[in-house]
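Letter by letter, the chains look like this.
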Amino acid sequence: AQTVTQSQPEMSVQEAETVTLSCTYDTSENNYYLFWYKQPPSRQMILVIRQEAYKQQNATENRFSVNFQKAAKSFSLKISDSQLGDTAMYFCAFPLLGSNYQLIWGAGTKLIIKP
Amino acid sequence: GAGVSQTPSNKVTEKGKYVELRCDPISGHTALYWYRQSLGQGPEFLIYFQGTGAADDSGLPNDRFFAVRPEGSVSTLKIQRTERGDSAVYLCASSLFPLAGTNTGELFFGEGSRLTVL
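Residues numbered from 1 in each chain as written. Chains lettered and ligands numbered in written order. Predicted model: local features only at pLDDT ≥ 70, side-chain atom pairs only at ≥ 80, totals over all residues. Heavy atoms only, no water.

Can you walk me through the packing of aromatic side chains in this structure?
Each aromatic ring pair is characterised by the separation of its centres together with the angle its planes make. Within the structure shown, the criterion is met by 16 aromatic pairs over all chains. Relative to A:W105, the ring of A:F91 has its centre 6.3 Å away and its plane inclined at 80°; by these criteria the two rings are edge-to-face. With a gap of 14 residues between them, A:F91 in strand β10 (residues 88-95) and A:W105 in strand β11 (residues 103-105) connect regions that are remote in the sequence. Note on accessibility: A:F91 and A:W105 belong to one class, buried. When the centroid spacing of 6.0 Å and the interplanar angle of 80° are considered together, the rings of A:W105 and B:Y35 count as edge-to-face. You can see A:W105 sitting in strand β11 and its partner B:Y35 sitting in strand β4 (residues 31-37), one on each of two chains. Three or more aromatic residues joined by ring pairs make a cluster, and in this case those are A:Y33, A:F35, A:Y37, A:F91, A:Y101, A:W105, B:Y33, B:Y35, B:F45, B:Y48 and B:F109. (Phe/Tyr/Trp six-rings, centres within 6.5 Å; stacked < 30°, edge-to-face > 60°. Helix = DSSP H or I, 4+ residues; strand = E, 2+ residues; numbered from the N terminus. Buried < 20%, exposed > 50% of the residue type's maximum accessible area, 1.4 Å probe, protein only.)

Quick look at the structure:
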């Protein structure tokens, strides 16, 4: 079975600090995408960053970067210079085996950025 | 509209009642998805439309749940004889193509409809 595990239910850091959210997954696929989504209190899921499993280079989007360890099936999200607007739920997700439309989601990590 | 629009934003109903939740996707997006998100959990897949047809409804929990997309644009999720366990946020998303949606992660979500069944 495919699973996604986010082991940190909640994290809290001071503004401007760096924070890393962890995600581990299990799949028998060899070529796939991994995603981090952000869900602020507005409830709208917003794509933060995505990683292609066949690429060795870690994806980066401004202050957001990933540490992708394919062999360990680990996909952590690093947020640098955290801002108050980063306060949200963060979800890790990847496609169901053989599907090009269905995502499997972790339970999420609640991130609080303190002023 | 510019984004995915979902109505109502919040719906409170009594056990046994019928509810409809509406999703207006981004114009031109052929793929539409419904997910259900219970408190403290990640989204759970319900149904996927490609155009007007439901390409995969395997996530619908039982026959009280039904969804339509008659003209390939707006979709309605229908829940009959609601139960307290149906209480959740129902998220709708759309994408230009299914391959583009999942493989590149370009799913565009609405703000969800929070359903509370008393």
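Please clarify how the interface of chain A and chain B should be interpreted in this entry.
Often, the extent of an interface is quoted as the loss of accessible area upon association of its parts. At the interface, 19 residues of chain A touch 28 residues of chain B. Its largest share of buried area at the contact with chain B, chain A owes to A:R43, A:N100 and A:Y101, together 38% of the area lost on that side. Summed over the shared surface of chain A and chain B, the number is zero salt bridges. Counting across the chain A and chain B interface gives seven residue pairs in polar contact (both at pLDDT 80 or more). Only β5 (33-39), β6 (46-52), β10 and β11 of chain A provide two or more residues apiece to the side of chain A that touches chain B. (Contact = heavy atoms within 4.5 Å. Buried area = accessible area lost by both parts, 1.4 Å probe. Salt bridge = Lys/Arg side-chain N within 4 Å of Asp/Glu carboxyl O. Polar contact = N/O pair within 3.5 Å; in protein donor to acceptor, adjacent residues only side chain to side chain.)

Sorry, what's going on with the sheet that holds strand β7 (residues 65-68) of chain B here?
Picture the strands of a sheet paired through backbone hydrogen bonds; they go either parallel or antiparallel. Residue and element names in this part refer to chain B. Read across the open sheet, the four strands follow the order β1-β3-β8-β7; overall the sheet is antiparallel. Of all the strands in the sheet, the pair left with one neighbour each is β1 (5-7) and β7. Ignoring which end each strand starts from, the neighbouring axes of this sheet average 15° apart. (Pairing = 2+ DSSP bridges. Axes fitted to C-alpha atoms, helices over the stretch in contact; angles between N-to-C directions.)

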